[in-house]
Amino acid sequence: MEPEHWRQKQKNKKMEQKNWNLLDEALGLHNNHAKPWPLCGRFALVEDCVDTSAAFVLHHILKRSFSSHPSSAVVFLAFSHPFSHYDRVLRKLGCNLAAQRDNGRFFFLDMLMLQCPDEGKPNHDGLASVFEQIERVITTLHQDKKFISIMIDDISFLEVAANGSSNDVLNLLHYCHTLTSEYGCAFIALDHKDIYLNGDRAAVILEMEYLADILVKAEPLATGLAKDVHGQLMVLDKETQHQHGISAIKTHNFHFKIKENCIECFYPGTKI
């Protein structure tokens with residue numbers, strides 16, 4: 001006869017598998033056996049466009065990061081929305097950000113009030129203070145042996161804060177990227193690819209796509225608007241881990257529908 005604790009463990013495992021979706025599988029979040037947080041040491045770049053927002057991907061990863069391990073923590077750089085916005089959105093997904101903040105697992109760095117110099121002048125001092133804030137928090141969390149994720153909610157607004165200086169933007173992004181190897185942090189950033197698109201901006205996008213271990217692209221349907229489908233996702237994982245080593249690039253393509261308290265992901269043609 002099976003022990004009660006073993007049956008309960010199997011039941012919990014089945015419930016956990018039931019809650020996984022195609023996005024979790026594409027990001028490798030369903031495989032937490034090798035690492036407490038599967039995105040540790042990796043850079044995930046999320047790209048969207050005016051017609052199709054991918055903010056829900058950031059919200060989904062944020063929620064999953066807290067449920068992955070009791071020692072996980074998130075440093076969130078907010079250039080787009082205040083804390084109240086994310087607290088409201090995550091509550092609908094069943095995650096209390098205020099409680100996570102009070103427990104020392106969520107560090108919200110409000111960049112909305114970042115002081116910008118006169119137009120045309122680079123914002124070296126403002127971004128230097130951002131460097132210092134990140135470093136101070138990361139150092140403390142690393143000493144406490146936390147599994148750290150760094151999230152940026154809008155690279156395009158980071159460029160606005162930098163007064164259009166692509167060099168300053170790249171410096172900050174490169175710094176966050178170095179933390180994936182130095183401290184084993186996960187780095188997740190959202191970018192609106194078709195906003196403020198110019199020569200310098202294209203260079204930032206190309207550099208970030210090159211550095212990314214995982215690239216997530218949200219696009220509208222090629223056939224136009226649909227009632228039950230909000231868009232399509234392409235997830236490109238450059239290094240897929242297997243028990244026999246690292247395989248080649250793996251690509252996932254599927255459709256999605258955003259609901260009030262969850263994301264529904266499905267392959268084309270399987271939606272009833």
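Our subject is the structure that appears above.
What counts and how
- Residues numbered from 1 in each chain as written.
- Predicted model: local features only at pLDDT ≥ 70, side-chain atom pairs only at ≥ 80, totals over all residues.
- Heavy atoms only, no water.
- Salt bridge = Lys/Arg side-chain N within 4 Å of Asp/Glu carboxyl O.
- Helix = DSSP H or I, 4+ residues; strand = E, 2+ residues; numbered from the N terminus.
- Buried < 20%, exposed > 50% of the residue type's maximum accessible area, 1.4 Å probe, protein only.
- Phe/Tyr/Trp six-rings, centres within 6.5 Å; stacked < 30°, edge-to-face > 60°.
- Expected span 1.5 Å × (residues − 1).
- Pairing = 2+ DSSP bridges.
- Axes fitted to C-alpha atoms, helices over the stretch in contact; angles between N-to-C directions.
- Contact = heavy atoms within 4.5 Å.

Colleague: Hey, could you run me through the pattern of salt bridges in this one?
Modeller: A side chain with one charge can pair with a side chain of the opposite charge if their charged atoms come near. For the coordinates displayed, the defined rule picks out nine salt bridges. Residue Asp87 is joined to Arg91 by a salt bridge in which the shortest nitrogen-to-oxygen separation is 3.3 Å. Linking Asp87 with Arg91, this pair stays in helix α4 (residues 83-92), spanning four residues, or about one helical turn. Notably, a salt bridge pairs Arg101 with Asp102, separated by 3.8 Å at the nearest N-O pair. Looking at Arg101, the relative accessible area reads 39%, which means it is partly exposed. The class for Asp102 is exposed, based on a relative accessible area of 60%. Among the ionic contacts, a cluster of salt bridges with common partners joins Glu47, Lys193 and Glu209.

Colleague: What exactly am I supposed to notice about unusual backbone geometry here?
Modeller: Excluding glycine, residues mostly carry a negative phi; peptide bonds, for their part, are mostly trans. You will see that Lys145, though not glycine, has its phi angle at about 60°, which is positive. The residue Lys145 is located in the loop between α6 (124-143) and β4 (147-152) in this model. Exposure remark for Lys145: the relative accessible area of 69% places this residue in the exposed category.

Colleague: Is there a simple way to explain the packing of aromatic side chains in this structure?
Modeller: Any pair of aromatic rings gets described here by the distance separating the centres and the angle formed by the planes. Throughout the structure, instances matching the rule amount to eleven aromatic pairs. Between the aromatic rings of Phe83 and Phe108, the centroid separation amounts to 5.5 Å while the plane-to-plane angle is 80°, which identifies the pairing as edge-to-face. In this pair, Phe83 is assigned in helix α4 and Phe108 in strand β3 (residues 106-110), connecting sequence segments 25 residues apart. Take Phe83: its relative accessible area is 15%, and that puts it in the buried class. For Phe108, a relative accessible area of 18% puts it in the buried group. Clustering of aromatic rings is evident, with ring pairs tying together Phe66, Phe76, Phe83, Tyr86, Phe106 and Phe108.

Colleague: Where do I start with helix α3 (residues 55-68) in this structure?
Modeller: It helps to recall that an α-helix has 3.6 residues per turn; residues three or four apart then point in one direction. Its 14 residues give α3 an end-to-end C-alpha distance of 20 Å, which sits within 8% of 20 Å, the value for a rise of 1.5 Å per residue. Most of α3 is tucked away, with eleven of its 14 residues classed as buried.

Colleague: Please clarify how the sheet that holds β3 should be interpreted in this entry.
Modeller: One open sheet accounts for nine strands, arranged β3-β2-β4-β5-β1-β6-β7-β10-β11; its pairing is mixed. The outermost strands of the open sheet, each flanked by one partner alone, are β3 and β11 (263-266). On average, each strand axis in the sheet is inclined to that of its neighbour by 20°, with strand direction left out of account. The pairing of strand β1 (residues 43-48) with strand β6 (residues 214-219) spans four bridges and is parallel. Bridge pairing in β6 links Val46 to Val216. Together, β1, β2 (72-78), β3, β4, β5 (186-192), β6, β7 (231-237), β10 (250-258) and β11 form the strand contacts of α3, whose direction differs from that of β2 by roughly 155°.

Colleague: Sorry if this is basic, but what is going on with the side chain of His252 here?
Modeller: By the element assignment, His252 lies in strand β10. Exposure remark for His252: the relative accessible area of 16% places this residue in the buried category. If near-sequence neighbours (up to four positions away) are discounted, His252 is found in contact with Ala26, Leu233, Met234 and Val235.

Colleague: Which parts of the structure should I look at to understand α4?
Modeller: Of the residues making up α4, those classed as buried are Phe83, His85, Tyr86, Asp87 and Leu90. Where the residues of α4 are buried, they touch α3, β2, α5 (97-102) and β3. A positive backbone phi angle near 90° is found at Gly94, which sits one or two residues after α4.

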